[in-house]
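# Geometric and topological summary
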Amino acid sequence: MAERISEREGEVLAALGARLSNAQIAHRLHISVRTVESHVSSLLRKYGMADRWALAELARSGEREPGRVVGLPASSTTFVGRDAERAAVLAALEEARLVTLLGPGGVGKTRLAAVAAGNAAAMFPSGGGFVDLVPVRDGFVARAVATALGVTEGSHQPLDEAVAARLGTGRSLLVLDNCEHVIDEAAAFAEQILAACPGTRVLVTSRERLGVPGERSLPIAPLPLGSDAERLFHDRALAGDPQFVAEPAVIADLCARLDGMPLAIELAAARGASLGTTGLLAALDDALRLLSGGRGGDERHRSLRAVLSWSYDLLGEEEQALFRRLGVFVGAFDLDAAAAVGGDRAGVADLLGRLVDKSLVAHVRGRVSRWRLLETVRAFALAQMSAAGEEDKTRAHHLRWAADAASTAEGRLGRPAWREDFDAMAADLRAALAASGSPGEVTHRLASALAHLTFARRHLLESFSHHRTAAAIAPNAASAARDLRAGAGCAHVSTTSNQHVYELLLEAAEQARRAGDNRGRVIDLARAVETACRYPEAFETGVPHERLRGLLDDAVAAAPGDDPEVAACIAVARAWLAGPDKGAPDGELASAAVTATRATADPVLISSGLCAAATAALHAGRLREANRITRERLRMLPSMDRDDPYCAPEICNTYGRACIYAIMAGDLPGAMAAARAGIEDDLLSDTHITASRLVQPLVLTGRFRDAIGYAERMWDQWERAGRPAPLWMLPAV
C-alpha cells in the first residue's frame, strides 16, 4: 500500500494549495519553518513529485491521499479469478510504460484493468485516473482525460499540456479504457503523455494495439473452463436466486457452450432463476444453432451474439422497445433521459428495473441514479433499433432531450454539483449535436447551451467551436449575432490571436444589421475597434488606422441617442483609437470614457474604461495612479459573472496588469495579493500567458528584489524601444 500522509502533513498540503510560503505555513500552524520544510520534503517523497508547485496543484485538485486513482468504476459484484492475469498486468507495469490489454468485447478487459489499477496503488504514489472512452468520440480523448482528472482548461493553454502538468513528473497511472473506436487519437495522446511525463504509466484496454513504440501487449483470454468460468456462473446465479442449485456438470456444459466469455456467462446466469439450468441449455442450444452458419472471424463473439439475441427474444414487447431505444445513449443516463426516448416515466422506471435484473442494463450508483449499457450490449441494441426502423424517431427524441437537459443545466450554473451533473451527460449532449442531420430551433438551442456550459466548465476551445456552430445554424440573424458576441469573448481566452475576436465582432455587427438591431450593431463595431487598438500585438496582421476610423465613424453616425451603453462603448473605442501609439490611449479621452462607463453600472464596461485610464497614466509615467486604478478594477472582479464569456476579456486583462503595475509602483503587498488572486482564478490557471505568469512565482516565494529587478529591466526595454512594449507577452526573467 502507498504511504499515508499524517494529519499534520495534510494541513501543510492544504496550505501549499493556498499558495502560502513556508514562513506563512509555520505561522498558521504554530510550528517552525524547519518543521514545515521537513513536512514538504516528506510530501514530495510520498507523492513522487519534484517541487512544491506540483504539490500545490495536487492539493487544489482535491487529491489528498497518495496512490489514489480517480474514476475507478465501483462494482457491486465480486471479481472472480484472473489471478495470473492480475499478476501479469502488475509485472508489465513495472517493466513497460505502456501496457495494452487486448481481447474481444465481453472478455472482461475493463474489469481486469480496474482491479489491477486498484491493486497497483503502492506503485503510483502520485495517483492517476481511470478514463472510460466508450462515450467519447473523435477529438475528445484529451477532454475526457482532463475531466476525469479534474483538470480545467486555462486561458490560451492546450488541454493536453494541462493534463501533462496535472500528471507531472511523479509516478502516476493513467488507464484508458475501450480505445478501439478512437484508436489513432488515443495512441497519439498516450505517446504525448509518455513523452511529457516520465513517471507516468499508461494502461490501455482495446481490441487492437495502439502501435506506439515500447507498447507491451497482454492478450486477455476467456475464463478457463473447469474452474473460473463455472465459479463466475455460480456466483452470478446465486446473486439472482440465493436458492439456485445446479449440477456441476450442467454448469460446465453451459460455460463451454458460452466459450468462457464472462459477459455471456453473466447474461445467461441472470436467467437461471426463471429458466433453470435445463431451460438455459435448451435456449442456448437453439440460439447457437441459429448462428452456426455465420460465425465470422471470432468464434468467441458467436456465443456473445447468441446470448444477446436469446436474452432479447425472451424480453416482453415493452422491454424490447425500451432496450432498443436506450442504445442511443453513449454514456450513462438518468430516469428522465430514459423516459424521453422510452415513454411514460413510471412505466420506464419499472422496465429499467426488469432490464437491470436481466443484466442487459447496468445500474450506476451515485448521488443521482443512472444506468448504462455496456459497449457490446449497446452495439446490439443499436442494431435492433435500426432493424425496427426506429432510428430516426429515437434520435429525434434524443436530440430534444439533449436540448432540454442542456437548457436546464444552464439554469443550474453555480449550484452545488452542477459540474458533476454536466459531466455525466456531456458525452450525450455532444453526440446528439453531432448526430443532428439538419439545423433547426432544437439543434441551435442545444449548440448555444452547450457552448455556454462548456465555457463555464472551462472547456474553452470546445466552447469556442460550439459558439461558431450555433452561429452557423442559428434560425435568425439576431440569434446568430448573440452567438458570435459570446464566441468573441470566448475567443479572447481560448485562442492566441485577438484577430479572431475582432473578426467575430464584425460578423456579429453584420448579423445585427440583418436583424434590424441597430443598437447591437453599433456596440459590436465599437468593441471591434477597441479590441484592435487595445491588443495590437495579439493580431497576426495589423488593421489600418483608416479602417478603424471608418468603423468608428460608422458606429457614431448610427448610434441611437440617450443610450448609456452605446455611449460608453463608443467613448472607450474613441480613447484607444486617438492615442499617440498603438496600445496607448489618449489620456483626456480615457478620463471621459471612465465617466461614460460609470453611467452604465456595467462592471465590464467600467473596467474597460478604467483600463484605458490606467494605461494612459502608465505611459505618462504616473505609475502609482496606474496601480491605484488597476486596484479598483480588481475590486470589481467579484461582480463579474465568470460563466459569461462577455466578462472573460476584462477578467483576464485585469489580472495580467495588476501584478505588473503593483510591482512597478513598488506596491509589493498589492503584487502579492494580485498574484495569488490570479492563480486562484480558474479562468486563467497558472499557465495564463501574461507578464504576471513570470513574476507571480517571484512574488509568491518572497523574491521581491528579483521581481523589482525584472520590472526595472522591462521598463528599460520599453524606453529603449521608444514605444510601449506588450504587457502580456514579455521575455522571461
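Now for a quick tour of the structure. This is a predicted model, so every value here is computed, not measured. (Residues numbered from 1 in each chain as written. Predicted model: local features only at pLDDT ≥ 70, side-chain atom pairs only at ≥ 80, totals over all residues. Heavy atoms only, no water.)

### Side note on the overall build of the protein chain
When you go through the protein chain residue by residue, the secondary structure sums to 34 helices and eight strands. Out of the 733 residues in the protein chain, the part that is buried amounts to 56%. Carbon together with sulfur atoms contributes 51% to the accessible area of the protein chain, which is approximately 29700 Å² in total. (Helix = DSSP H or I, 4+ residues; strand = E, 2+ residues; numbered from the N terminus. Buried < 20%, exposed > 50% of the residue type's maximum accessible area, 1.4 Å probe, protein only. Areas by Shrake-Rupley, 256 points an atom, 1.4 Å probe, with all protein chains shown as cover.)

### Let's talk about the sheet that holds strand β6 (residues 215–219)
If you trace the six strands from one edge of the open sheet to the other, you get β1-β3-β4-β5-β2-β6, paired in parallel fashion. Only two strands of the sheet have a single partner each, and these edge strands are β1 (69–70) and β6. Direction of pairing for strand β3 (residues 128–132) relative to strand β4 (residues 172–177): parallel, over a ladder of five bridges. Across the sheet, residue Phe-130 finds its bridge partner in β4, namely Val-175. In this fold helix α5 (residues 83–95) packs onto β2 (98–102), β4, β5 (200–206) and β6, with an angle of close to 175 degrees to the strand it touches most, β6. (Pairing = 2+ DSSP bridges. Contact = heavy atoms within 4.5 Å. Axes fitted to C-alpha atoms, helices over the stretch in contact; angles between N-to-C directions.)

### Considerations on the packing of aromatic side chains
Enumeration over the complete set of coordinates arrives at six aromatic pairs. Taking 5.5 Å as the distance between ring centres and 85 degrees as the angle between the ring planes, the aromatic pair formed by Phe-329 and Trp-401 counts as edge-to-face. In this pair, Phe-329 is assigned in the loop between α15 (317–326) and α16 (335–342) and Trp-401 in helix α19 (residues 391–411), connecting sequence segments 72 residues apart. A single burial state applies to Phe-329 and to Trp-401, both of which are buried. Here the aromatic rings of Trp-418 and Phe-422 are separated by 6.4 Å at their centres, their planes lie at 45 degrees, and the arrangement is tilted. Residue Trp-418 and its partner Phe-422 are both found in helix α20 (residues 418–435); the two are separated by four residues, about one turn of the helix. Among the residues examined, Trp-418 registers a relative accessible area of 6% and is labelled buried. (Phe/Tyr/Trp six-rings, centres within 6.5 Å; stacked < 30°, edge-to-face > 60°.)

### Examining the pattern of salt bridges
Summed over the entire model, instances satisfying the criterion amount to 37 salt bridges. The residue Asp-667 makes a salt bridge to Arg-631 at a minimum N-O spacing of 3.7 Å. In this pair, Asp-667 sits in the loop between α31 (648–664) and α32 (668–680) while Arg-631 sits in helix α30 (residues 623–636), placing the two residues 36 residues apart along the sequence. With a relative accessible area of 18%, Asp-667 lands in the buried category. Residues participating in the shared-partner salt-bridge network are Arg-367, Arg-370, Glu-420 and Asp-421. (Salt bridge = Lys/Arg side-chain N within 4 Å of Asp/Glu carboxyl O.)

### Overview of the environment of Phe-124
Following the sequence through the fold, Phe-124 ends up in the loop between α6 (109–119) and β3. Here Phe-124 falls in the buried class, since its relative accessible area comes to 1%. Residues Phe-124 and Tyr-47 lie 77 residues apart in sequence; the distance between their C-alpha atoms is 8.1 Å.

### Considerations on the nonpolar core
In summary, soluble globular proteins display a tendency toward joint burial of nonpolar side chains. Phe-233, Phe-323, Leu-326, Leu-352 and Leu-429 are the most contacted members of the largest nonpolar core, which totals 94 residues. Each residue touching Phe-233, except ones within four places of it in the same chain, is listed here: Phe-244, Ile-251, Leu-254, Cys-255, Ile-265, Ala-268, Ala-269 and Leu-280. Of all hydrophobic cores here, the second largest spans 71 residues; its members include Leu-548, Ala-573, Cys-647 and Ala-648. (Core = buried A, V, L, I, M, F, W, Y, C linked by side-chain atoms within 4.5 Å.)

### Focus on unusual backbone geometry
Here Asn-178, not a glycine, exhibits a phi torsion of approximately 65 degrees, which is positive. One can find Asn-178 in the loop between β4 and α9 (183–196). Of note, the phi angle at Ala-601 is positive, near 65 degrees, even though the residue is not glycine. You can see Ala-601 is positioned in the loop between α28 (587–598) and α29 (603–619). On the accessibility criterion, Ala-601 (63% relative accessible area) is exposed.

### A few points about the pairing of β2
For β2, the tally of buried residues reaches five of five residues, placing the bulk of the element in the interior. In terms of strand pairing, β2 meets β6 through five bridges, oriented parallel. Note that in β6 the partner of Val-99 across the bridge is Arg-216.

### Comments concerning the environment of Pro-585
Among the secondary structure elements, Pro-585 is positioned in the loop between α27 (564–577) and α28. Separated by 12 residues in sequence, Pro-585 and Ala-573 place their C-alpha atoms 9.2 Å apart.

### Examining helix α24 (residues 499–515)
Helix length check: α24 (17 residues) gives 24 Å between terminal C-alpha atoms against 24 Å at 1.5 Å per residue, within 8%. In this structure, the buried residues of α24 make contact with α22 (460–472), α23 (477–494), α25 (518–534) and α26 (545–558). Gly-516 occupies a position one or two residues after α24 and carries a positive phi of about 75 degrees. (Expected span 1.5 Å × (residues − 1).)

### Focus: α19
Residue pairs three or four apart in sequence face the same way in an α-helix, which turns once every 3.6 residues. The terminal C-alpha atoms of α19, which comprises 21 residues, lie 30 Å apart, in line with the 30 Å expected from a rise of 1.5 Å per residue. Every buried residue of α19 is listed here: Thr-394, His-398, Leu-399, Trp-401, Ala-402, Ala-403, Ala-405, Ala-406 and Ala-409. Contacts from the buried residues of α19 go to α15, α16, α18 (375–387), α20 and α21 (441–456).

### Topic: the packing of α25 against α27
The geometry of α25 relative to α27 is characterised by a closest axis approach of 8 Å and an angle of 25 degrees between their N-to-C directions. Between α25 and α27, the angle is such that the two are roughly parallel. You can see that α25 and α27 cross each other, and the crossing is left-handed. Residues Arg-519, Val-522, Ile-523, Ala-526, Val-529, Glu-530, Cys-533 and Arg-534 of α25 touch α27, and the partners they reach there are Glu-565, Val-566, Cys-569, Ile-570, Val-572, Ala-573, Trp-576 and Leu-577. (Parallel < 35°, antiparallel > 145°, perpendicular 65-115°, else oblique. Left-handed = near helix turned anticlockwise from the far one by under 90°.)

### Considerations on the pairing of β3
Among the five residues that make up β3, four are buried, leaving the element largely enclosed by the rest of the structure. For β1 and β3, the ladder comprises two bridges, and the chain directions are parallel. Opposite Val-70, over in β3, you have Gly-129 as the bridge partner.

### Some remarks on the environment of Trp-310
Relative to the helices and strands, Trp-310 is located in helix α14 (residues 299–313). Since its relative accessible area comes to 6%, Trp-310 is described here as buried. Note: C-alpha distance between Trp-310 and Leu-267 (43 residues apart in sequence) is 9.8 Å.

### Things to note about the packing of α27 against α29
Taken N-terminus to C-terminus, the directions of α27 and α29 make an angle of 20 degrees; their axes are 10 Å apart at the nearest point. Judged on the interaxial angle alone, α29 and α27 are roughly parallel. Of the two elements, α27 crosses α29, and the hand of that crossing is left-handed. On α29, the residues that touch Glu-565, Ala-568, Cys-569, Val-572 and Trp-576 of α27 are Leu-605, Ser-608, Gly-609, Cys-611, Ala-612 and Thr-615. Its residues placed into classes, the contact of α27 with α29 shows seven nonpolar, three polar and one charged. (Nonpolar A, V, L, I, M, F, W, Y, C, P; charged D, E, K, R; others polar.)

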